Each structure stands twice: as structure tokens, then as C-alpha cells.
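Breakdown of the fold
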Amino acid sequence: KLQWRDPRKIVILGTRHCNLLHQRIIELVSFALVLTGNHVYTSGGMGTNYVAMRGALRAENDTANDFDSRLSVILPQRIEDQPLEVQEVLKKVKNVTELKRNDLPLDKASRLCNTKLIEGASELIVFAYHDSWTVLDCAAEARRKDKLVTLMYLD
């Protein structure tokens, strides 16, 4: 059985633009992290964050469910602002926080959201292209805060 000594708080973030293979890999990473006792944090939107939610929820459903939810989602805006597919998945997530920053453009609201996500985390896993500036900036911020950062480029 795969297992770490102490559960970790791990943020998974990345690009909205993922092909099917990348989506499967990201979902499997999230699934494995939850199965090994870690808590996964992510944000909303399609792509990386969506499949990270799906993987974590699948892991929760595949276990005896003798633990609190190991998935938390922080949204930069409201649930209603998410694509319909994401809204459907969010209905299954027990720990959802809406920052409700509709007063800001989405990229600025996302940056604030990403900062909040990495504040309480011990690690950050990023799936990005070399021009995915918002998540790459988040990775740089996490490094400045002495977080363990794993950056996986999709291009």
C-alpha cells in the first residue's frame, strides 16, 4: 500500500487547456494523493482543476469513507460563475469556499484565490504550459513562501 508518514495539504492547479491524456494523468495524481491520506486543494474551472476534483471525489467514493472529506475547493468567484459541468461536480464537494470576487477580472480574482490556496498548503503541484502565466506566477509565489513546488509542463 502506498503511504506517506504524515498526511500533507497539497494544492493542484493548472491550465484549463488539457488534452484527454493529461486529464487522465492529473485525475490519477489527485486520486492517488487522496487514497494515501493527503488533503487535496484546488480551484474551479475546467481542465486541471476540474479533473483534480473528479479524481479526489472518486478516491473518496472508493474508500470506506471513514474520514472527513479530503478535498477542498476555493473559487475566485461564485459557484454560479463556473461552467455547468463544474457546478455539477461542486455539488458533490463538501468543502467549497467562494471568494465572490466578481468585482475583479477573472485573472486577478484567480491570482487572489491561488494565493489563498497556497497559504495553508505544504506543497503545490502545477500542470502548465510555458505560457500559463497565472499558474506559473502562483508557482513562483509558492517557492518564495518556501513551499515544495512540483511543476509539470504539458508542452
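Let us look at the structure shown here. (Residues numbered from 1 in each chain as written. Predicted model: local features only at pLDDT ≥ 70, side-chain atom pairs only at ≥ 80, totals over all residues. Heavy atoms only, no water.)

Spanning 12 residues, helix α5 (residues 133-144) covers 16 Å between terminal C-alpha atoms, matching the ideal 16 Å at 1.5 Å per step. Listed as buried for α5 are V135, L136, C138, A139, E141 and A142. Against β1 (9-14), α4 (106-119), β5 (123-128) and β6 (148-153) lie the buried residues of α5. Immediately beyond the C-terminal end of α5, within one or two residues, lies D146, with a positive phi of roughly 60°. (Helix = DSSP H or I, 4+ residues; strand = E, 2+ residues; numbered from the N terminus. Expected span 1.5 Å × (residues − 1). Buried < 20%, exposed > 50% of the residue type's maximum accessible area, 1.4 Å probe, protein only. Contact = heavy atoms within 4.5 Å.)

Where strand β3 (residues 71-75) lies against strand β4 (residues 95-98), four bridges are found, and the strand directions are parallel. Looking at β4, one finds that L75 is bridged to E98. Taken together, β3, helix α3 (residues 84-90) and β4 form a β-α-β motif whose crossover is right-handed. (Pairing = 2+ DSSP bridges. Right-handed = clockwise from strand over helix to strand, strands pointing away.)

One pass over the full model with this rule turns up nine salt bridges. Among the ionic pairs, R54 bridges to E27, the shortest N-O distance being 2.7 Å. With R54 in helix α2 (residues 48-62) and E27 in helix α1 (residues 20-35), this pair connects stretches of sequence that are 27 residues apart. Between E80 and R78 there is a salt bridge, and its shortest N-O distance comes to 3.8 Å. What makes R78 partly exposed here is its relative accessible area of 35%. When salt bridges that share partners are traced, they join E27, R54 and R58 into one network. (Salt bridge = Lys/Arg side-chain N within 4 Å of Asp/Glu carboxyl O.)

Next up on the list: the nonpolar core. If you look at the biggest cluster of nonpolar residues, it comprises 25 residues, and the most contacted ones within it are I12, I26, M53, L71, V73, L90 and V93. When contributions to this core are tallied by element, the ones reaching two or more residues are β1, α1, α2, β3, α3 and β5. The dominant element in this core, judged by the number of residues it contributes, is α2, at seven residues. Once you skip the residues sitting within four places of it in the chain, M53 turns out to touch T42, S43, G44, L71, V73, V86, V89, L90 and V93. The next biggest cluster of nonpolar side chains, apart from the first, holds 17 residues, and it includes L13, L117, I118 and A121. (Core = buried A, V, L, I, M, F, W, Y, C linked by side-chain atoms within 4.5 Å.)

In this structure, Q87 sits in helix α3. For Q87, a relative accessible area of 18% translates into the label buried. A polar atom in the side chain of Q87 sits 2.7 Å from the backbone oxygen of Q82. Excluding residues that lie within four positions of it along the chain, Q87 makes contacts with I79, E80 and Q82. (Polar contact = N/O pair within 3.5 Å; in protein donor to acceptor, adjacent residues only side chain to side chain.)

Pairing analysis gives six bridges linking β5 to β6, with the strands arranged parallel. Across the sheet, I125 pairs through a bridge with T150, a residue of β6. Crossover handedness for the path β5 to α5 to β6: right-handed.

Strand order across the open sheet formed by six strands is β4-β3-β2-β1-β5-β6, with parallel pairing between neighbours. Looking at strand neighbours, the two that pair on one side only are β4 and β6, the edges of this open sheet. Taken over all neighbouring pairs, the strand axes of this sheet differ in orientation by 20° on average, direction set aside. Judged from the five bridges that link them, β1 and β5 form a sheet pairing that is parallel. Bridge pairing links L13 to V126 in β5. (Axes fitted to C-alpha atoms, helices over the stretch in contact; angles between N-to-C directions.)

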